[in-house]
Amino acid sequence: MTFLSQLARTERFTLGRPSSFTVSADGRTVFFLRDSSLWARAQGEERLVAGPGITAYTADDDGRVLAFERDGQLCTADGALPSAEPVRAPRPDPAGERIAYVSAGALRVIGVDGDGDRAVAEPDGPEVTWGLPEYVAPESIGRREGFWWAPDGQRLLVARVDTAPVQRWHLADPSDPSRPSRSFPYPAVGTANADVTLWIVGLDGTRIRVEADDEYLTAAGWDAHGPYAAVQSRDQRRVRILAVDPATGRTEVLAEQRDDAWVTLVPGLPRRTGKGVWLTSADRDDTRTLLYGGRPVTPPGLNLLAVRSVDGESVLFTATDEPTETQLWSYHPDAGLEKLGPAGLDDTARGGTTVIGARIRATGEEIVSHAEKPVLDLRMRLLKLGPRELRAALFLPSWHREEDGPLPVLVDPYGGPAMRKVTAEPFWASYVSQWFAEQGYAVLAVDGRGTPGRGPAWERAIHLDIAQPVLDDQVEGLHEAAKLEPALDLSRVAIRGWSFGGFLSLVAVLRRPDVFHAAIAGAPVTDQRMYDTHWRERHLGQPDERPEAYDRCSPLREAERLTRPLLLIHGLADDNVVAAHTLRFSAALLEAGRPHEVLPLTRAGHRPTAEFLLAHQLDFLRRALPAEGFR
């Protein structure tokens, strides 16, 4: 078995891995997904609840009712319910008596016994939906919900989304002209967003509009102390937390956060503890700090990343004091801070039970993972490079010895604000870097300015310029790494990346051909004006106010500068970074007389997984980088 076939077959090593943990209110049962089935673990034993074919589920407070969608049907552990179809976003009420879900844009409620299915909010316009998030909410804001139950199960806080103001984009399948194109609303920078409003909806169909008029709804909820929401201005420099009066819809501003660049949204916030104390965040002493009732409870240098769960007054959250490590912490006003160890992907706590990774902390039990281990062994070295102490990971071939001589270099970054690639805990991308190393390359990943986890100033260093500071850090990291490791041959350097990394690869080969001698750019943004409002306006501002920022960060305007080999790759069904980015850039290269290669991926989205894809990139690298160095 080859690594490439394993990577594709296991969907990047996620198949068989337990995930999506939910703890019952009494802490006795842990529910989770594994192999697209729903499982429960209690008293040291596992049992199959339902499956397969389940990608997500929700539960009531006690964990008695588990709701999920399968093949368009509304299901519980007892089987399918006679609901409207197709079903989206099912969620039981806290008491486990009813399930709310969305079908055909309407928010519907049905009894857990299958009785009483009815719509409580129906579309009142051709492009209106109730209870679903708009495009930028899951893609950029981090909000995936569109409705929230009241504790008594009699009312809901619901988002009404009208996409009529949003321009529509169209994706066709060039491989099959007989298939109709797909149309969808895409809020490109500087254009209209969806009209999102909040409502209190009763089971009898009554509606009360909530007074929340900012551009973005970033979070919402309904706990024992009432409904609440967080809203953000269009320029993203202000976030307000609102308490909502469920009887009138009137709101009271409880907290406000401002920043001259943008206010960073912390996943899991705002929240309230069992006693009604607000959990929020603030940027102080160049640190993203957790606030408990407005009081900082994390020290300078410990940067808050996300709040995972709140159980009474106990808060479980992730933070980093070393950018390559994500640690799990807990806070309680009586016990203070406690470091629990390296964070997992879905850590949670409830009823005195904490799940870290796949381990139940109190008992030490491990929830079994069937995920395959990569057939590659890592030879990864973490580095701190240059005056900025850039965090980097260097991968060398397992077979390489010093007497073998220098190796061509493959710079393999992401480099953007969405994620860190250099982590002490390896993940699938680390093994991809190692695979390229095994083919005869010294592979270097650098996390420069703009990447998360190193404090607000580091993140906002890319304000109004997401290109040059990031590129400068890649160049500095490369040169500093070569001082430490003689295996790096700086006369033969390529760069590859996907999404932001693809954009960075283009910028590198266009602006610094003296450093980068070939590039692979997957799904790159080439015209910043064709990206979505919330994500791109955060970094570059409004395009009519800051046209120069959009111009200097759009590789499309620099196509004539290409002098090195370039491979462009793009999924033709990508609705995040549409293929027009690559197609327009390729056209500009042709017009400028600049040879290049384009690999279109039929029916592929933004993050395709295919065995041939990495092999094709390797073939390009072997052709693009000569046996001897460039002069």
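Scoring rules and cut-offs
Residues numbered from 1 in each chain as written. Predicted model: local features only at pLDDT ≥ 70, side-chain atom pairs only at ≥ 80, totals over all residues. Heavy atoms only, no water. Pairing = 2+ DSSP bridges. Helix = DSSP H or I, 4+ residues; strand = E, 2+ residues; numbered from the N terminus. Salt bridge = Lys/Arg side-chain N within 4 Å of Asp/Glu carboxyl O. Buried < 20%, exposed > 50% of the residue type's maximum accessible area, 1.4 Å probe, protein only. Axes fitted to C-alpha atoms, helices over the stretch in contact; angles between N-to-C directions. Parallel < 35°, antiparallel > 145°, perpendicular 65-115°, else oblique. Contact = heavy atoms within 4.5 Å. Nonpolar A, V, L, I, M, F, W, Y, C, P; charged D, E, K, R; others polar. Core = buried A, V, L, I, M, F, W, Y, C linked by side-chain atoms within 4.5 Å. Phe/Tyr/Trp six-rings, centres within 6.5 Å; stacked < 30°, edge-to-face > 60°. Left-handed = near helix turned anticlockwise from the far one by under 90°.

Draft legend 1. Main features of the sheet that holds strand β27 (residues 295–296). If you trace the four strands from one edge of the open sheet to the other, you get β24-β25-β26-β27, paired in antiparallel fashion. At either margin of the open sheet sits one strand with a lone partner, and together these are β24 (271–272) and β27.

Draft legend 2. Seen up close, the pairing of strand β6 (residues 66–70). Inspection of the sheet shows strand β5 (residues 58–59) paired to β6 by two bridges, in the antiparallel sense. From the neighbouring strand, threonine 58 faces β6, where its bridge partner is alanine 67. Here β5 folds back onto β6, and the loop between the two strands holds six residues, one of which, glycine 63, carries a positive phi near 80°. Counted along the chain from β6 to the antiparallel partner strand β7 (residues 73–76), the turn is two residues long, and its residue aspartate 71 has a positive phi close to 55°.

Draft legend 3. Looking closely at the pattern of salt bridges. Under the defined criterion, the tally for this structure stands at 46 salt bridges. Where aspartate 173 meets arginine 603, a salt bridge forms, and the shortest distance between an N and an O atom there is 2.6 Å. One end of the pair, aspartate 173, is in the loop between β16 (168–171) and β17 (182–185); the other, arginine 603, is in the loop between β43 (597–601) and α10 (611–624), with 430 residues separating them in the sequence. Aspartate 173 gets classed as buried once you look at its relative accessible area, which sits at 11%. Residues glutamate 548 and arginine 546 are paired through a salt bridge, measuring 4.0 Å at the closest nitrogen-oxygen approach. A relative accessible area of 33% means that arginine 546 is categorised as partly exposed. Among the charged side chains, a salt-bridge network with shared partners connects Asp259, Asp283, Arg288, Glu459 and Arg460.

Draft legend 4. Up close: the packing of helix α5 (residues 468–484) against helix α6 (residues 500–511). One can describe the packing of α5 onto α6 by two numbers: an axis separation of 10 Å at closest approach and a directional angle of 75°. Looking at the two axes, α5 sits roughly perpendicular to α6. Packed against α5, whose contacting residues are Gln468, Val470, Leu471 and Gln474, the element α6 presents Phe500, Leu504, Val507, Ala508 and Arg511 at the interface. In terms of residue class, the contact of α5 with α6 is built from six nonpolar, two polar and one charged.

Draft legend 5. Expanded view of the nonpolar core. Counting 52 residues, the largest nonpolar core has Leu478, Phe516, Leu566 and Phe585 as its most contacted members. With eight residues, α6 is the single largest residue contributor to this core. For leucine 566, the contacting residues outside a window of four places in its chain are Leu506, Ala519, Ala521, Phe585, Leu589, His596, Glu597 and Phe620.

Draft legend 6. Here's a closer look at the packing of aromatic side chains. Going through the model one piece at a time under the given rule, you end up with 13 aromatic pairs. An angle of 85° between the planes, with centres 6.3 Å apart, marks the rings of phenylalanine 184 and tyrosine 186 as edge-to-face. In terms of burial, phenylalanine 184 and tyrosine 186 fall into one category: buried. A ring pair is formed by tyrosine 228 and tryptophan 278, whose centres lie 5.3 Å apart and whose planes are at 90°; its orientation type is edge-to-face.

Draft legend 7. Geometry of the pairing of strand β23 (residues 251–258). Where strand β22 (residues 238–244) and β23 come together, seven bridges link them in antiparallel fashion. When the sheet's bridge partners are listed, arginine 238 is paired in β23 with arginine 258. Connecting β22 to the antiparallel partner β23 that follows it, the hairpin turn spans six residues, and glycine 249 within it adopts a positive phi of roughly 85°.

Draft legend 8. Local environment of the packing of helix α3 (residues 428–438) against α10. Contact geometry for α3 and α10: axes closest at 11 Å, N-to-C directions at 40°. Taken together, the axis directions place α3 and α10 in an arrangement best described as oblique. You can see that α3 and α10 cross each other, and the crossing is right-handed. Packed against α3, whose contacting residues are Val432, Trp435 and Phe436, the element α10 presents Leu614, Ala615, Gln617, Leu618 and Leu621 at the interface. The class makeup of the residues in the contact of α3 with α10 is seven nonpolar, one polar and no charged.

Draft legend 9. Focus on α3. Extensive coverage of α3 is indicated by the burial of 10 of its 11 residues. Turning to α3, its buried residues are Ala429, Ser430, Tyr431, Val432, Ser433, Gln434, Trp435, Phe436, Ala437 and Glu438.

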